[in-house]
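Spelled out from the first residue to the last, the chains are:
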Amino acid sequence: MLDHATSYLECELAGSMDVGTHTIFPGRVVDAEVVGDARPMTYEYYHRIKGGKSPKTAPTYAWTGRDEKKPEKEGKTMASYRCIICGYVYDPAEGDSASGIAPGTAFEDLPDSWVCPVCGAAKTEFEKA
């Protein structure tokens, strides 16, 4: 039973494609039905109600200057860097606790062996955000 669904699609698996950061599973639709009259949450609704903002803990979060002061090191503002593979943003104010990188560590000071915590891309695959 689909308690909170407004519709469903049943698909037959047609294959899979590894695209680096995830796998795509294309399928052939074999059944579909509208099962309720509730209004679904759409991407437009998300942007209108939530403001289209990612939480600070999300890999897609980008510092915009609206939320807080950017971290500084020796009187200079430290820049955030974005992974060009998956979009993860390294924020110097946050560091990377999973990799043992302390908050306040500038991107330039990360070891050359450091990799993106989301997709494993090398440090060379990052650009200034």
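Keep in mind that what you see is a predicted model, and the values were worked out from it rather than measured.

Which parts of the structure should I look at to understand the packing of aromatic side chains?
The final tally for this structure, using the stated rule, is 7 aromatic pairs. For the pair Tyr88 and Phe126, a centre-to-centre distance of 6.5 Å together with 85° between the ring planes defines the contact as edge-to-face. You can see Tyr88 sitting in the loop between β7 (81–83) and β8 (89–90) and its partner Phe126 sitting in strand β9 (residues 126–128), a full 38 residues away along the chain. Phe126 shares its class with Tyr88; the two are buried. On the numbers, 5.5 Å between centres and 70° between planes, the contact of Tyr90 with Trp114 is edge-to-face. Taken together, the positions of Tyr90 in strand β8 and Trp114 in the loop between β8 and β9 put the pair 24 residues apart, joining distant regions of the chain. Taken individually, Tyr90 and Trp114 each receive the classification buried, so the pair is uniform in this respect. In this structure, Lys123 packs its charged tip against the face of Phe107, placed 5.4 Å from the ring centre.

I keep staring at the nonpolar core and nothing clicks. Help me out?
Considering soluble globular proteins, one finds that nonpolar side chains tend to be buried as a cluster. By size, the foremost hydrophobic cluster in this structure holds 11 residues: Tyr81, Cys83, Tyr88, Tyr90, Ile101, Phe107, Leu110, Trp114, Cys116, Ala121 and Phe126. For Trp114, the contacting residues outside a window of four places in its chain are Tyr88, Tyr90, Asp96, Ser99, Ile101, Phe107, Ala122, Lys123 and Phe126.

Which parts of the structure should I look at to understand the pattern of salt bridges?
Oppositely charged side chains can pair when the atoms bearing their charge come close. Evaluated as defined, the whole model comprises 2 salt bridges. Residue Arg28 is joined to Glu12 by a salt bridge in which the shortest nitrogen-to-oxygen separation is 3.5 Å. With Arg28 in strand β4 (residues 27–34) and Glu12 in strand β1 (residues 7–13), this pair connects stretches of sequence that are 16 residues apart. Ionic pairing is found between Asp112 and Lys123, a salt bridge with its closest N-O pair at 3.9 Å.

Mind showing me how you'd approach the sheet that holds β8 here?
Strand pairing within a sheet occurs via backbone hydrogen bonds; the two strands may be parallel or antiparallel. If you trace the 3 strands from one edge of the open sheet to the other, you get β8-β7-β9, paired in antiparallel fashion. The sheet terminates laterally at β8 and β9, the two strands that pair on one side only. Across 2 bridges, the pairing between β7 and β8 is antiparallel. Bridging from a neighbouring strand, Tyr81 pairs with Tyr90 of β8.

Would you explain the environment of Ile84 in this entry?
Locating Ile84 in the fold gives a position in the loop between β7 and β8. Separated by 44 residues in sequence, Ile84 and Lys128 have C-alpha atoms that sit 9.9 Å apart. Discounting residues that sit within four places of it in the chain, Ile84 has contacts with Glu125 and Glu127.

Looking at this structure, I do not really get the confidence of the model for the protein chain. What am I missing?
If pLDDT is low for a region, its predicted coordinates should not be looked at in detail. For the protein chain, the mean per-residue pLDDT works out to 80, and 73% of the residues sit at or above 70. When the elements of the protein chain are averaged for pLDDT, strand β5 (residues 72–73) gives the smallest value, 58, and β4 the largest, 94.

Sorry, what's going on with a nonpolar patch on the surface here?
Taken together, the side chains of Met17, Val19 and Ile24 define a hydrophobic patch exposed on the protein surface, amounting to about 240 Å² of accessible area. Its place among the elements puts Met17 in strand β2 (residues 17–18). For Met17, a relative accessible area of 42% puts it in the partly exposed group.

When you look at the environment of Tyr90 in this model, what are you seeing that I'm missing?
Under the relative-accessibility criterion, Tyr90 is labelled buried at 0%. A sequence separation of 16 residues divides Tyr90 from Ala106, and the C-alpha atoms of the two residues are 9.3 Å apart. Those residues in contact with Tyr90 that sit more than four places away from it in its chain are Ser80, Tyr81, Gly95, Asp96, Ile101, Thr105, Ala106, Phe107, Leu110, Trp114 and Phe126. Only 2.6 Å separates the side chain of Tyr90 from the backbone oxygen of Thr105, close enough to count as a polar contact.

Criteria and cut-off values
- Residues numbered from 1 in each chain as written.
- Predicted model: local features only at pLDDT ≥ 70, side-chain atom pairs only at ≥ 80, totals over all residues.
- Heavy atoms only, no water.
- Phe/Tyr/Trp six-rings, centres within 6.5 Å; stacked < 30°, edge-to-face > 60°.
- Helix = DSSP H or I, 4+ residues; strand = E, 2+ residues; numbered from the N terminus.
- Buried < 20%, exposed > 50% of the residue type's maximum accessible area, 1.4 Å probe, protein only.
- Lys NZ or Arg CZ within 6 Å of the ring centre and 35° of its normal.
- Core = buried A, V, L, I, M, F, W, Y, C linked by side-chain atoms within 4.5 Å.
- Contact = heavy atoms within 4.5 Å.
- Salt bridge = Lys/Arg side-chain N within 4 Å of Asp/Glu carboxyl O.
- Pairing = 2+ DSSP bridges.
- pLDDT = per-residue confidence, 0-100.
- Patch = residues over 30% accessible without salt bridge, like charges linked within 9 Å, V, L, I, M, F, W, Y side chains within 5 Å.
- Areas by Shrake-Rupley, 256 points an atom, 1.4 Å probe, with all protein chains shown as cover.
- Polar contact = N/O pair within 3.5 Å; in protein donor to acceptor, adjacent residues only side chain to side chain.

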